[in-house]
Amino acid sequence: MLEIHRALRERGAAVRIATHGGVHESALRAAGVEYDLVGQPMNAERSAAFVRSAVGLGPVDQSMYTDDELRSYVLAEADYFSANRVTVAVTGFTLTALLSTRLAGIPLVTEHAGSFVPPVFERGLVPAPGSLPRLLGGTLPRWAINCAIPRLRYHCAGFNRIAAELGVEGVPSLLALLLGDLTLVPEIPQVVGISAPDMAAWRPRGRSRYRQGTTLRYTGPLYAHLDIPVPERVASSLHLPGPVIYVALTSTGPELIRDVIGALAGVDARILVAATVHDLADLASDRVMVESVLPSHLVMPHVDLAVVTGGQGSMQTAMASGTPALGIPLHSEQDLNVALLERHGAAHRIPPRHAGTAKLATLARLMLADDRYRQAAQRIQRLYDDVDGPARAAEAILQLATAPSPIQGR
């Protein structure tokens, strides 16, 4: 969001940033960006609970917010849009905006689906999850998964209860929960394997599992450049001789991180851990350094391997740094992100059930020893260098902002 904000301001747009607060609010303050708190501010405890309940981690029969929270946030956001004459809302996983923008009668732009968008399913590109038993890991599961995912209604019930109460359009599927009126695809065609014209030409065409009017547009890489310094002790450590593994499992619980650190104990490398909201100080040792939130775009160019869950932002930060990635995907969107780069030889996937085993250590050793992984990541890096993702995102948003809104408010 900070990258989009910067690119929009550079083009003379009037931009406001609004947030529910939470653990990353400090990143806004560090960047010197003015922002508004909308609705009940989330504290660190509530932020951590939200992560635990989110897609890929929490039970699929809940909507991450209580009904009271949903209603409160939707009404507060709609009032904020109206009071500030907002013409377009842009969000990264503030899912209440799916309803509040309908209430306010303005279009919504999202980017948090990454490459997990309908044309990818229609071409059968989503891999079978690594969590499936091996005997199910053939062609049929991949075909079935690509057909099934757009039909899933996971996490939607609460949104639809509040939508019906407020008299606005609901959310017909899990995939619709991730898509805006304009969905920015923060990747390049060479990585995804779908041309830019084909991506832009996609329409729901009456499919009941999507909100009608949904459009897609490539922007190129779009990831965080947090305006916070690398701690001095981390910077000093990164320049010491010997390999470094960066463990940045930032959207998961502490148990997975502990399993990974335990499995990597026998690997001849220093380990840097981004703990974010978790208290993992007890993991620190002479070869394991634990910090909270780190500016990954400054860290990853100096490490030899990134261990991540496979979210779009972390994978792109690794590739933009020319650093190979070992992905531990928690859900199908992350499976896709890692698989797309695995196809290019720049990444590997391992299912979470193996994260605490010798299989993880063996794979880490392989990727550290074989320079072909870094060479492949550097090829992606050169492709990324030719694309200004934030600029393309800003141009797409401004084009939507100046067009007549097709959305009718309540």
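Residues numbered from 1 in each chain as written. Predicted model: local features only at pLDDT ≥ 70, side-chain atom pairs only at ≥ 80, totals over all residues. Heavy atoms only, no water.

Enquirer: Give me the lowdown on the nonpolar core, citing residues and values where you can.
Expert: Counting residues in each nonpolar core, the largest one holds 54 residues, and the members touching the most others are F116, V117, V120, V126, Y246, L272 and M319. With residues near it in sequence (within four places) discarded, V126 still touches F116, V120, F121, R142, I145, N146, I149, S332 and L336. Within the second largest apolar cluster, 32 residues are counted, among which are F50, A78, F81 and I106. (Core = buried A, V, L, I, M, F, W, Y, C linked by side-chain atoms within 4.5 Å. Buried < 20%, exposed > 50% of the residue type's maximum accessible area, 1.4 Å probe, protein only. Contact = heavy atoms within 4.5 Å.)

Enquirer: Residue-level account of the sheet that holds strand β5 (residues 182-185), with values.
Expert: Strand order in the open sheet formed by four strands is β3-β4-β5-β6, with parallel pairing between adjacent strands. Each edge of the sheet is formed by a strand with only one pairing partner; in this case those strands are β3 (89-91) and β6 (215-218). Recorded for the sheet is a direction-independent mean angle of 20 degrees between the axes of neighbouring strands. In terms of strand pairing, strand β4 (residues 108-110) meets β5 through two bridges, oriented parallel. Among the inter-strand pairings, T110 is bridged to a residue of β5, identified as T183. Relative to β5, helix α19 (residues 389-401) is tilted by about 170 degrees, and along the sheet it contacts β3, β4, β5 and β6. (Pairing = 2+ DSSP bridges. Helix = DSSP H or I, 4+ residues; strand = E, 2+ residues; numbered from the N terminus. Axes fitted to C-alpha atoms, helices over the stretch in contact; angles between N-to-C directions.)

Enquirer: Before we move on, could you go through the confidence of the model for the protein and cite the residues and values that matter?
Expert: Confidence in the prediction of the protein, expressed as mean pLDDT, is 92, and 96% of residues score 70 or more. A low-confidence stretch, residues 134-138 (pLDDT under 50), is modelled with one contact involving residues beyond four sequence positions or located in other chains. (pLDDT = per-residue confidence, 0-100.)

Enquirer: Explain the packing of helix α1 (residues 2-10) against α19 to me, using residue names and the numbers behind them.
Expert: Between α1 and α19, the shortest axis-to-axis distance is 8 Å and the interhelical angle comes to 65 degrees. In terms of orientation, α1 and α19 fall into the roughly perpendicular class. In this structure, the crossing between α1 and α19 has a hand that is right-handed. Residues E3, I4, R6, A7 and L8 of α1 form the contact with α19, whose participating residues are P390, A391, A393, A394, I397 and L398. Looking at the contact of α1 with α19 residue by residue, the class counts come to nine nonpolar, no polar and two charged. (Parallel < 35°, antiparallel > 145°, perpendicular 65-115°, else oblique. Left-handed = near helix turned anticlockwise from the far one by under 90°. Nonpolar A, V, L, I, M, F, W, Y, C, P; charged D, E, K, R; others polar.)

Enquirer: Requested: an account of the domain arrangement of the protein, with residues and values cited.
Expert: Assigned domains of the protein: these are domain 1 (1-220 + 388-402) and domain 2 (232-386). Here the C-alpha centre of domain 2 lies 25 Å away from the C-alpha centre of domain 1. Counting from both sides, the interface comprises 30 residues of domain 1 and, opposite them, 25 residues of domain 2. Of the roughly 2200 Å² buried at the junction of domain 1 and domain 2 (both faces included), carbon and sulfur atoms supply 63%. Where domain 1 packs against domain 2, one counts zero salt bridges. Joining domain 1 to domain 2, the criterion identifies five residue pairs in polar contact (both at pLDDT 80 or more). Elements with a minimum of two residues in the side of domain 1 that touches domain 2: α3 (44-53) and α10 (189-192). At three residues, α10 tops the list of elements feeding residues into the side of domain 1 that touches domain 2. Partitioning the side of domain 1 that touches domain 2 into residue classes produces 19 nonpolar, eight polar and three charged. (Domains from an automatic or database assignment. Buried area = accessible area lost by both parts, 1.4 Å probe. Salt bridge = Lys/Arg side-chain N within 4 Å of Asp/Glu carboxyl O. Polar contact = N/O pair within 3.5 Å; in protein donor to acceptor, adjacent residues only side chain to side chain.)

Enquirer: Give me the sheet that holds strand β11 (residues 325-327): which residues, what numbers.
Expert: The strand order across the open sheet built from six strands is β9-β8-β7-β10-β11-β12, with neighbouring strands paired in parallel fashion. Edge positions in the sheet fall to β9 (288-291) and β12 (347-349), since each has one partner strand and no second. The mean inter-strand angle of the sheet, taken between neighbouring strand axes irrespective of direction, is 20 degrees. Bridge count for strand β7 (residues 244-248) against strand β10 (residues 305-308) is four bridges, and the pairing is parallel. Of the residues in β10, the one forming a bridge with Y246 is A306.

Enquirer: I'd like a rundown of the packing of helix α4 (residues 67-83) against helix α8 (residues 157-166), residues and numbers included.
Expert: Between α4 and α8, the least distance of the axes is 10 Å, while the angle of their chain directions is 55 degrees. Between α4 and α8, the angle falls in the class oblique. For the element pair α4 and α8, the recorded crossing hand is right-handed. Contact residues: D67, L70, R71, V74 and L75 in α4; G158, F159, R161, I162, E165 and L166 in α8. Class assignment of the residues belonging to the contact of α4 with α8 gives a composition of six nonpolar, one polar and four charged.

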